[in-house]
Every structure is written in C-alpha cells, then in structure tokens.
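# A structural walkthrough
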Amino acid sequence: MLLPLLNGNQWNDEHEQSAISVAVIYSALAAHDQIKELNASSKSQQLTVLAGDYYSGLYYQMLARLSNVELIRTLSNGIIDISEKKASFYDDVKQSFEEWMTSIQTIESLSIEQYYEHFNFNQYKPFVRRGMLIHRIEHELELVKQMKVTRFQESLAYSEQYLGYSRNWQELLKLELEKQKIIMMDEISHSHLLDNSIQQFLVEMYGLRLKEQVLVMRER
Amino acid sequence: MKLKMLYSDMRSDLDLIEIELEKAVNSSSDLLNEASLHLLLAGGKRLRPVFVLLAAKFGHYQIERMLRVAVPLELIHMASLVHDDVIDDSEMRRGQLTVKAQWNNRVAMYTGDFIFARALEYITEIQKPEAHRILSYTMVEICVGEILQIEDKFKLDQRLQDYFRRIKRKTALLISSSCQLGALVSDADPKTIIHLKRFGYYVGMSFQIIDDILDFTSSDKELGKPAGSDLIQGNITLPILFLKDSPEFRPALEHALSGNMTEIERLELIKRIRESDAIAKSKAISDRYLKKALKEIDELPASPAKKSLRDIALYMGKRKF
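Residues numbered from 1 in each chain as written. Chains lettered and ligands numbered in written order. Predicted model: local features only at pLDDT ≥ 70, side-chain atom pairs only at ≥ 80, totals over all residues. Heavy atoms only, no water.

## Thoughts on the overall build of chain A
We count it as follows: Every helix listed is a DSSP run of H or I at least four residues long, and every strand listed is a run of E at least two residues long, numbered separately from the N terminus. Every residue pair with non-hydrogen atoms within 4.5 Å of one another is taken to be in contact. Every accessible area reported is derived by Shrake-Rupley at a probe size of 1.4 Å, with residue values counting cover from the shown protein chains alone.
The helix and strand tally for chain A stands at 10 helices and 0 strands. Along chain A, helices and strands appear, N-terminal first, in the series α-α-α-α-α-α-α-α-α-α. For the C-alpha atoms alone, the extent of chain A along its principal axes is close to 50 × 50 × 25 Å. Considering only intrachain contacts with a sequence separation of at least 6, the fraction spanning at least 24 residues in chain A is 69%. Looking at chain A as shown, the accessible area adds up to about 10,800 Å², and 49% of this sits on carbon and sulfur atoms.

## Structural notes on the environment of B:Ile142
Residue and element names in this part refer to chain B. Inspection of the secondary structure puts Ile142 in helix H8 (residues 129–152). Along the primary structure Ile142 and Gly112 are separated by 30 residues, whereas in three dimensions their C-alpha atoms are 15 Å apart. Those residues within four positions of Ile142 in sequence are excluded, and the remaining contacts are Arg169 and Leu174.

## Considering the layout of surface pockets
Here is the rule: Only protein atoms enter the calculation, which uses a 1 Å grid: trapped sets of points that fit a 1.4 Å probe without letting it out are cavities, open sets showing protein on both sides within 12 Å along at least five of seven lines are pockets, and any residue with an atom within 4 Å of a point is a lining residue. Grid points are joined across faces, edges and corners, and a volume is the space filled by probe spheres set on the points. Residue polarity is assigned by list, with Asp, Glu, Lys and Arg as charged and Ala, Val, Leu, Ile, Met, Phe, Trp, Tyr, Cys and Pro as nonpolar; anything else, Gly included, falls into the polar class.
Its volume calculated, the second largest pocket comes out at about 630 Å³. In this structure, the second largest pocket is lined by 23 residues; those nearest its centre are A:Asp33, A:Glu108, A:Arg136, A:His139 and A:Glu140. Where the lining of the second largest pocket is concerned, the elements lending two or more residues are helix H2 (13–33), helix H4 (69–87), helix H5 (97–118), helix H6 (125–145) and helix H7 (151–162) of chain A together with helix H7 (105–123) of chain B. The element that contributes the greatest number of residues to the lining of the second largest pocket is H6(A), accounting for 6 residues. Across the lining of the second largest pocket, the residue classes break down as 12 nonpolar, 3 polar and 8 charged.

## So, the side chain of B:Asp113
The condition that has to hold: Buried, partly exposed and exposed residues are distinguished by accessible area as a fraction of the type maximum, computed with a 1.4 Å probe on protein chains only: under 20%, between the cut-offs, and over 50%, respectively. Residues scored as positive are Lys and Arg, those scored as negative are Asp and Glu, and His as well as the terminal groups of each chain are ignored. Throughout this description, the term salt bridge denotes a Lys or Arg side-chain nitrogen within 4 Å of a carboxyl oxygen of Asp or Glu.
Inspection of the secondary structure puts B:Asp113 in helix H7. Buried charge without a partner: B:Asp113 forms no salt bridge, and the closest opposite charge is A:Lys86, 6.0 Å away. Once you skip the residues sitting within four places of it in the chain, B:Asp113 turns out to touch A:Leu29, A:His32, A:Ile79, A:Ser83 and B:His83.

## Brief notes about the interface of chain A and chain B
Operational definition: Joining two parts hides part of their accessible area as seen by a 1.4 Å probe, and the buried area is that hidden amount summed over both. The definition of a polar contact used here is a pair of N or O atoms within 3.5 Å, where within protein one atom must be able to donate a hydrogen and the other to accept one, and adjacent residues in sequence count solely through side-chain atom pairs.
The interface of chain A with chain B comprises 40 residues on the first partner and 43 residues on the second. Here chain A packs against chain B, burying approximately 3,800 Å² in sum over the two surfaces, 64% of which is carbon and sulfur. At the surface where chain A touches chain B, the tally comes to 2 salt bridges. Note that A:Lys43 is salt-bridged to B:Glu151, the shortest N-O span being 3.8 Å. On the surface where chain A and chain B come into contact, there are 19 residue pairs in polar contact (both at pLDDT 80 or more). Secondary structure elements with two or more residues in the side of chain A that touches chain B: H2, helix H3 (43–65) and H4 of chain A.

## Concerning the pattern of salt bridges
Applying the stated criterion across every chain, the model contains 42 salt bridges over all chains. For A:Arg136, the salt bridge goes to A:Glu140, with nearest N and O atoms at 2.8 Å. Of the two residues, A:Arg136 and A:Glu140 both sit in helix H6, 4 residues apart, roughly one turn of that helix. The pair A:Arg136 / A:Glu140 is uniform in exposure class, with both members buried. Put simply, A:Glu154 and A:Arg151 hold a salt bridge, and the shortest N to O gap is 4.0 Å. With A:Glu154 and A:Arg151 both in helix H7 and 3 residues apart, the pair spans about one turn of that helix. Here A:Glu154 falls in the partly exposed class, since its relative accessible area comes to 41%. What emerges from the salt-bridge pattern is a single network uniting B:Asp157, B:Lys244, B:Asp245, B:Arg250 and B:Glu254.

## Focus: H7(B)
Residues and elements named next belong to chain B. Threshold: Here a helix's expected span is defined as the number of its residues, less one, multiplied by 1.5 Å.
Over its 19 residues, H7 runs 27 Å from end to end, which matches the ideal 27 Å to within 8%, given 1.5 Å per residue. Of all 19 residues in H7, 19 are buried; the element is thus mostly enclosed. For H7, the capping residue at the N-terminal end is Asn104, with a side-chain oxygen 2.9 Å from the backbone nitrogen of Arg106.

## With respect to the environment of A:Leu156
Residue and element names in this part refer to chain A. Locating Leu156 in the fold gives a position in helix H7. For the pair Leu156 and Lys94, spaced 62 residues apart in sequence, the C-alpha separation works out to 8.2 Å. Apart from the residues lying within four places of it in its own chain, the contact partners of Leu156 are Phe97, Trp100, Trp169 and Leu173.

Following this line, the structure appears as structure tokens:
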C-alpha cells in the first residue's frame with residue numbers, strides 16, 4: 001500500500017490517514033477470518049469477533065474525521081464484494097481455476113486498489129494485485145505442506161472435480177505461483193515508474209530473480 | 001396495544017423501509033442473500049428506523065432522504081445481532097435458527113460484515129460529515145461496550161454503574177443516535193436535535209432495562225429462547241445486581257454462573273427471581289429513565305410527532321415481551 005510513498009510520490013496527511021484506515025479494514029476482515037466455523041465460544045474467539053467489529057467502526061471513524069465520505073463509500077462497496085467472494089467458499093460455487101484466482105485477488109487486494117484509485121495512484125495497481133495473489137498462493141501452499149486444509153482449497157478441489165478435470169489443484173497452484181512471479185518480474189523490470197531501490201525491494205520481497213526468471217520465461 | 005398499531009400513522013413510510021431493507025441485503029452471493037433475508041424476515045420492532053423518521057418530523061421531512069438514514073441504522077443493528085449470536089453461541093433468535101446455527105460462525109461473520117458494509121454504502125448518500133462522525137463514534141462505542149460486557153461476564157460483584165455504562169453503549173447510544181441523526185439530516189434546529197438525542201438515550205436505557213427484566217419474567221415461548229438466558233450466559237443484568245448480595249440468592253446465582261445448573265434448577269431460580277422485589281426495583285429504575293425521556297419530549301416544538309414519540313416511549317416502558 002505504501003508503494004507510492006516509497007517510490008517518492010507526493011504524500012500528505014490525508015494519504016497517510018486514509019492508508020492507515022485501509023490497513024484497519026484489513027485487520028477487521030482478517031480478525032473475522034480467524035473465527036472458527038464451529039465452537040467459537042471461547043473468550044479469545046469472542047474478543048476476536050469484537051476486535052473485527054471495532055476495527056470496522058474505527059476505519060469508518062477515521063475517514064469520517066477526514067470528512068472523506070466518498071472514500072467510505074468506495075471502501076464499503078469493496079467490503080461487500082470481498083464478503084461475497086469469501087462467502088463463495090461456503091456456497092458450493094463451481095467456477096474455473098482462473099475465476100478462483102480472480103476471487104482471491106479481489107479478497108486480497110481490492111481495498112488497496114480502491115485506495116490507489118481514489119488518490120490517482122492507479123499505476124501501482126498491477127503490482128499490488130499480483131503481489132497479494134503471490135502472497136496468498138504461497139500461504140496456501142505452505143498450509144498444504146503442514147497438511148492444513150482451507151475452505152479455499154476445498155472449493156478449488158470441488159470445482160475441479162465438478163468441472164470434470166483430473167488436474168491436481170496443488171500443482172495448478174504451484175504453476176500459477178511460478179507464472180505470477182514471472183509476470184511480476186517482467187512488469188517490474190519493464191517498469192519506468194518504479195525507482196531502482198523499489199524494484200530491488202519488490203524483487204527481494206517476492207523472492208524473484210531477474211536473470212533466471214527471464215531465461216525461464218524465454219524458454220517457455 | 002401492539003407496537004405496530006402505534007406505527008399506523010407512519011405505515012406507508014415504514015413499508016418503504018421494509019422494501020428498501022430487502023433491496024439492501026440483496027447480494028450476488030446466494031448464501032449471503034439467504035442468510036441476510038433469513039434475519040430480516042424474522043422481523044423485529046424496527047425501533048431505530050421509527051425513531052429516525054419521528055425525529056425527522058421536527059425538521060424538513062423528506063422520506064427519500066430519510067430512508068438513507070433509517071435503513072442503515074436498522075442494518076447496523078442487524079449486523080451486530082448476527083455477530084452477537086456468534087459471541088453468545090446462540091442457536092435461536094426471534095424463534096428462528098440464528099445464522100451461525102443454520103450455517104456456521106464464519107458465514108455469520110461474513111454476513112455481518114456484508115450487512116454492515118451495505119449500511120455504510122447507504123448512509124454515504126448523506127453528505128453531511130457530522131452525521132458520519134456521530135454514527136462512527138456510536139459504532140466504536142457499541143463495540144467497546146460489548147468488549148466490556150465480555151470482561152464483566154460471570155462477575156457477580158460489579159457495580160450498578162458498570163451495568164448502566166454497559167447498557168448505554170449496548171442499546172441506548174444507537175437509539176439516541178437514531179433520533180439525533182433523523183433530526184440532523186432533516187435540518188432540525190440545534191436545540192431540537194439535542195432534546196431528541198437525549199430522549200433517545202433515556203428511552204434506550206429504559207428499553208434495555210425492560211429487556212433485561214423480560215429475560216426473567218417472559219416465558220420461553222415469548223422469548224424464543226430459554227428464560228434466564230442472560231444469566232446462563234454470564235451476563236449480569238439489573239435484577240441480578242439487586243439480588244447478588246442476598247444470602248438467599250447468592251448460592252443459587254453462583255451455581256447458575258458455574259454452568260452446572262439443571263433444567264429443574266433453572267425453572268426454580270427463574271420462579272424465585274420473578275417473585276423477588278428485584279423485578280419491581282428494576283422496573284422503578286426503568287420508569288425513572290422513561291420519565292426523563294418524556295420530559296425531553298415536553299421541550300420539543302409543537303408537532304404531531306410528539307404524541308407518537310410519547311406513545312412509543314410509554315409502550316416500550318410497559319411492554320410485556
């Protein structure tokens with residue numbers, strides 16, 4: 001979210017306060033993702049529900065103090081979309097692998113994209129959209145290693161089976177990760193927007209290797 | 001008299017609110033659609049929209065504009081109920097399965113988040129920053145109240161002051177803000193806005209105390225859940241605060257809070273609480289708030305809405321369930 005600041009764009013108090021409020025939205029939604037599907041009556045779970053609600057109130061309050069009604073509207077609209085996408089994991093939705101990836105991108109990056117759009121930082125959107133997807137796929141693959149099954153994985157497997165594919169969804173995720181990293185690297189290396197230090201930062205953050213990746217890409 | 005009869009003057013506007021509420025919970029997700037409608041169609045008193053509309057009658061009343069305030073206030077209330085049912089592990093609400101019982105906790109989380117976001121989407125049609133500052137402050141305070149409620153759970157030794165502070169945040173603030181926002185958005189004069197805000201606060205306090213009394217005095221059927229559920233869940237309400245130091249009640253209350261109470265013991269304890277003076281004492285405090293609410297109405301400028309506010313406040317103070 002701070003790419004525009006790190007890349008030297010003009011950054012004022014409103015940018016900063018609004019960025020914090022978007023971060024608070026992520027905290028709110030992440031808190032509710034931690035609630036167990038069943039047996040959430042422990043004190044810790046109860047407080048987690050309320051922490052999420054508190055953060056929701058807080059982001060609204062922060063933007064209300066800035067009198068930025070338009071951004072409240074935009075971000076709320078995004079939360080509707082995100083909640084709908086999250087609910088799809090529980091609704092026997094059957095969709096293609098690509099559609100699941102789009103859903104994940106929405107869940108992971110929509111609020112930041114909306115923030116960028118609001119402040120005319122549109123040029124950073126592809127980086128956050130792809131970067132957050134890479135993070136999520138890496139996280140899911142890590143959970144697979146730990147033998148932890150998520151609703152997203154179940155939904156993906158269910159869709160693949162329903163649509164008659166015999167593909168291994170874990171392999172699909174690994175290939176997708178590789179593909180997204182290659183595209184990300186390509187976008188970074190061809191970007192005239194990003195300062196060198198930011199390019200290097202992103203390369204390190206996403207574990208990208210410029211020359212090797214380009215070679216792989218050319219081979220393909 | 002039924003509450004709905006008191007709303008008869010506002011019937012057409014309230015029908016518009018119901019239509020708008022249904023539209024508001026419409027979602028591209030079948031699951032969220034069903035879960036939200038499930039709650040909406042279970043009904044409710046729609047107190048917050050009613051207070052918004054009545055307060056707006058003291059300004060320039062335009063129903064299209066007031067829908068943008070009344071609908072989100074009911075949605076915020078609904079969203080908090082969906083999440084409260086997860087916190088309280090409640091299976092039933094208004095005689096129906098809760099969202100978390102019918103689906104699961106996570107679905108209840110997303111349903112609440114969806115409804116809450118929809119509420120904000122609606123109210124942002126109102127471009128008055130002050131309205132957003134009031135509502136956002138209210139929402140943060142409600143959460144703080146709920147966090148305090150969890151902290152205070154199962155603690156018999158708490159002060160009346162703790163209880164009043166809790167119910168202020170839990171109930172009174174949102175009703176107070178409904179009145180304040182209705183008046184503010186309809187451009188009522190500043191003094192009127194303050195009196196309506198205070199009216200909402202007092203009536204909200206009275207309402208919650210009655211609600212807490214009814215948890216003991218109503219039947220399981222009327223409540224749609226077992227009588228005494230508040231106590232069983234560890235929520236110490238006003239009647240219990242009046243009984244906690246009584247040697248006759250203390251052991252039974254501690255036993256109830258231990259989670260080991262049998263059904264026969266529950267029925268016996270409920271019977272004893274009903275027969276105790278704690279109910280009358282709690283009622284007297286509710287009445288005191290009600291009187292203060294009525295006094296605020298006296299300060300309002302002449303309007304037919306004054307009678308409606310009075311009737312609803314009196315109804316709320318005397319309701320049986």
